[in-house]
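What follows is each chain in one-letter form.
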Amino acid sequence: MLEIKDIHASVEGKEILKGLNLKVNAGEVHAIMGPNGAGKSTLASVIAGKEDYEVTQGNILLEGEDIEELAIEERAHKGIFLSFQYPVEIPGVSVTNFMKTAINETRKAKGLEEMPAKDMLKMIREKSELLEIDRKFLSRSLNEGFSGGEKKRNEIFQMAMLEPKLAILDETDSGLDIDALRIVANGVNKLKTKENAVIVITHYQRLLDYIVPDFVHVLHNGKIVKSGTKELALELEEKGYDWIKEEVKG
Amino acid sequence: MELKDKLVSSFLAFENTIDVDSSVHDIRSEAIKRFEMQGFPSKKEEAWKYTSLKNVLKHDYSIFPKEGNAIEFKDVKKYFIHDIDTYKIVFIDGMYSSHLSETTHDKIDVCLMSSALTNDKYKAVIDNYFNKVAKEDGLTSLNTAFSKEGAYIHISKNQLADKPIQILHFSTGSEAAQMLQPRNLIVVDENSHVQIIERHQSLTNNPVLTNSVTEIFADKRAIVDYYKIQNDNENASLIDNTYIEQQGQSIVSVHTFAFGGNITRNNLNFYQKGEGIDSILNGITIIEEKQHVDHYTLVHHTEPNCESHQDYKGIFDEKATGVFNGKIIVNKEAQKTNAFQSNNNILLSDKATINSKPQLEIFADDVKCSHGCTIGQLDDSALFYMRARGIGEKEAKALLMYAFANNVLESVKIPQLKSRINKLIATKLNVDIGFDL
Ligand SMILES: Nc1ncnc2c1ncn2[C@@H]1O[C@H](COP(=O)(O)OP(=O)(O)O)[C@@H](O)[C@H]1O
Ligand SMILES: [Mg+2]
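Structural notes, computed from the coordinates. (Residues numbered from 1 in each chain as written. Chains lettered and ligands numbered in written order. Predicted model: local features only at pLDDT ≥ 70, side-chain atom pairs only at ≥ 80, totals over all residues. Heavy atoms only, no water.)

Some remarks on the packing of helix H4 (residues 117-130) of chain A against helix H6 (residues 148-162) of chain A
All names here are of chain A.
Okay, so step 1: One way to put it is that H4 packs onto H6 with a least axis distance of 9 Å and a crossing angle of 135°. Here H6 runs oblique to H4, going by the angle between their axes. Here H4 runs over H6; the crossing is right-handed. Residues Met123, Ile124, Lys127 and Ser128 of H4 form the contact with H6, whose participating residues are Phe157, Ala160 and Met161. (Axes fitted to C-alpha atoms, helices over the stretch in contact; angles between N-to-C directions. Helix = DSSP H or I, 4+ residues; strand = E, 2+ residues; numbered from the N terminus. Parallel < 35°, antiparallel > 145°, perpendicular 65-115°, else oblique. Left-handed = near helix turned anticlockwise from the far one by under 90°. Contact = heavy atoms within 4.5 Å.)

A word on the site of ligand 1
Residue and element names in this part refer to chain A.
Okay, so step 1: Neighbouring ligand 1 are 13 residues; Ile16, Gly37, Lys40, Ser41 and Thr42 lie closest to it.
Okay, so step 2: In the model, an oxygen atom of ligand 1 is placed 2.8 Å from a nitrogen or oxygen of the glycine 37 main chain.
Okay, so step 3: At a separation of 2.8 Å, an oxygen atom of ligand 1 approaches a polar backbone atom of lysine 40.
Okay, so step 4: Considered on its own, ligand 1 offers 560 Å² of accessible surface; in the complex 67% of this is hidden by protein.
Okay, so step 5: Counting only elements with at least two residues in the shell around ligand 1, the list comes to strand E2 (14-24) and helix H1 (40-48).
Okay, so step 6: Among the elements that line the shell around ligand 1, the one with the most residues is H1, at 3 residues.
Okay, so step 7: Its residues assigned to classes, the shell around ligand 1 shows 5 nonpolar, 5 polar and 3 charged. (Near = heavy atom within 4 Å. Polar contact = N/O pair within 3.5 Å; in protein donor to acceptor, adjacent residues only side chain to side chain. Areas by Shrake-Rupley, 256 points an atom, 1.4 Å probe, with all protein chains shown as cover. Nonpolar A, V, L, I, M, F, W, Y, C, P; charged D, E, K, R; others polar.)

Considering the coordination of the magnesium ion (ligand 2)
When a metal carries six donors in an octahedron, the ideal angles between them are 90 or 180 degrees, while four donors in a tetrahedron ideally lie at 109.5 degrees.
All names here are of chain A.
Okay, so step 1: Taken together, Ser41 (OG) and Gln85 (OE1) make up the protein donors of the magnesium ion (ligand 2), found 2.0 to 2.2 Å from the metal. Of this pair, serine 41 sits in helix H1 while glutamine 85 sits in the loop between strand E6 (80-83) and strand E7 (90-94), and the two are 44 residues apart along the sequence.
Okay, so step 2: Serine 41 gets classed as partly exposed once you look at its relative accessible area, which sits at 27%. (Donors = N, O, S within 2.8 Å, 3.2 Å for Na, K, Ca; no water. Buried < 20%, exposed > 50% of the residue type's maximum accessible area, 1.4 Å probe, protein only.)

Here we look at empty space enclosed by the protein
All names here are of chain B.
Okay, so step 1: A full pass over the atoms with the stated rule returns 6 cavities of 30 Å³ or more.
Okay, so step 2: Volume-wise, the largest cavity comes out at about 220 Å³.
Okay, so step 3: Around the largest cavity sit 16 residues that line it, and Pro65, Gly94, Leu180, Gln181 and Pro182 are the ones nearest its centre.
Okay, so step 4: Secondary structure elements with two or more residues in the lining of the largest cavity: helix H1 (3-17) and strand E6 (178-180).
Okay, so step 5: Residue classes in the lining of the largest cavity are distributed as 10 nonpolar, 4 polar and 2 charged. (1 Å grid on protein atoms, 1.4 Å probe; cavity = no way out; pocket = protein on both sides within 12 Å on 5 of 7 lines; lining within 4 Å. Points joined across faces, edges and corners; volume = space filled by probe spheres on them.)

Functional significance is not addressed by these values, which are geometric in nature.
The structure is reproduced here in structure tokens:
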């Protein structure tokens, strides 16, 4: 599904990713953990194609195709979805209209007709129920005045609407209380199939109790320095990151 | 010959061609004297600091309306709001086109200034209202001196105009350069309601300069909704002078959609003459290239318990320049006035500029007045977010701009007009999605 080969990326002349490798197959869930400032969000943004980041070396392949030249929206059309660590407020655009535009723009890019209004409404209803989102919420301006938890739930609602091949969830658990965490995790699990893949970026083991990863990677100083199975997450929870930093040095 | 001299020296010839009531004759003669003294405004005047007419005035305009130019409806249909039934007052090169118009005298008068100025039946209204609220500056005086044709609308007491009225001015390009000076009078009596849509459209690349004057009188509890669509071609300039006098509890709204032309100057003046009045001034400006739009507004509060609401949104690309000057005067007697003004702008290019200036002169102590001006760019993080959800860059920008201008669009009360403006905006922004926000 996704293959990242020796990627180097910098922003404002400062190198953040320093030769990172990662391979994710269809049907898998990968967790990426690591201390603050390690470059986790940068990795997510680089995969999504954010233009502030300059890829100086390496390749990103999506289903074998190099996506380096693709614009942000073209990557989205190919099935990459990024759930933002900090979702952006967009005053004046309702959640519903934003979703309609996003879905129809994606369909247009694929040469499909616009989705009939009836089908759209039905889909919105189903997916908002899955995420236990109140109907009233959908007519509000996107993310404007939403609580941290509401923003994150709304991100996963959008993921449910767009049905991506590769979803990257950047600290979706932060700002969620335990009930909201369960709802969000349940939503992600329901959307999981053999054909798609999820990368979960998190600080905490907590989320991984609900979204169980096949692999866990530790990102430190712009590289993946350790990979393992879900037991690695438990170990990190227990011992913190210092021992890994030591290991890397030593 | 300079345009000013040409106009002044043509005045007598012009006066001789028309037969009007002596009181109007006197008004015109006074007006040409004022114009002769004041001339055209220059950038030295504070009110014209950011708008220069110099290049516009240098053409050798023909200054009299031209007869005999016909156009087929099918060729200009797109400039009408044609999917609803409306009255239409249409002018071609300054001359009335009965062929394209649809007027009425059935309970309401929707007809021509030229007949109102000459026909006895209208004398009382003309004596009461003609040139009574218009200012005496050079441009207005010039229009007054040459006032002959335009729309005359009189809605008598307790009448709801049964359909909107469209006023359209076309110029065909039969002249190398043409100056037009339409003069409109709109009188809305007590408890009456009317909706009016006005548009100036050049059908040629030849230079056109329109110096328009519109006087609107809204009597007690009258409701007037006025929409101006300004989307002309690159050689057409417009100076729109609109004067509105409102009596107690009347509500008058003017929406100005300024989507281009060469130079557009909107002098929009509200004079409140009673209590419980509401004045609403809304605008969306979207321009690019070297287009220039200047909104110069005045709201004069003279009595207690009145409101005014101004909301102007501007989007400027390439080398476009915008001006917003909003003056609010609150007299000492006008206690409990609520006067709000906001002017928000987005600059899409670093060569585009906007000059925004509120001018508040408040002499009463118990008032609520607020004004705010913002100038910004499109939010990059919002664009990244939207594009990451599959919305193309151009569409994402357009969506942000729609959202930015949306509250002004929302207040358009004629649905077909609203969807037309929506389409115009989509065309301006070069996207084929009509966002229905
Ligand atoms: N747009 C940016 N401009 C400058 N520095 C940045 C930018 N984005 C990230 N960084 C820097 O890159 C490093 C990694 O940040 P980030 O990817 O957000 O880490 P994480 O998500 O792992 O906490 C940090 O030192 C951060 O300050
Ligand atoms: Mg981060």
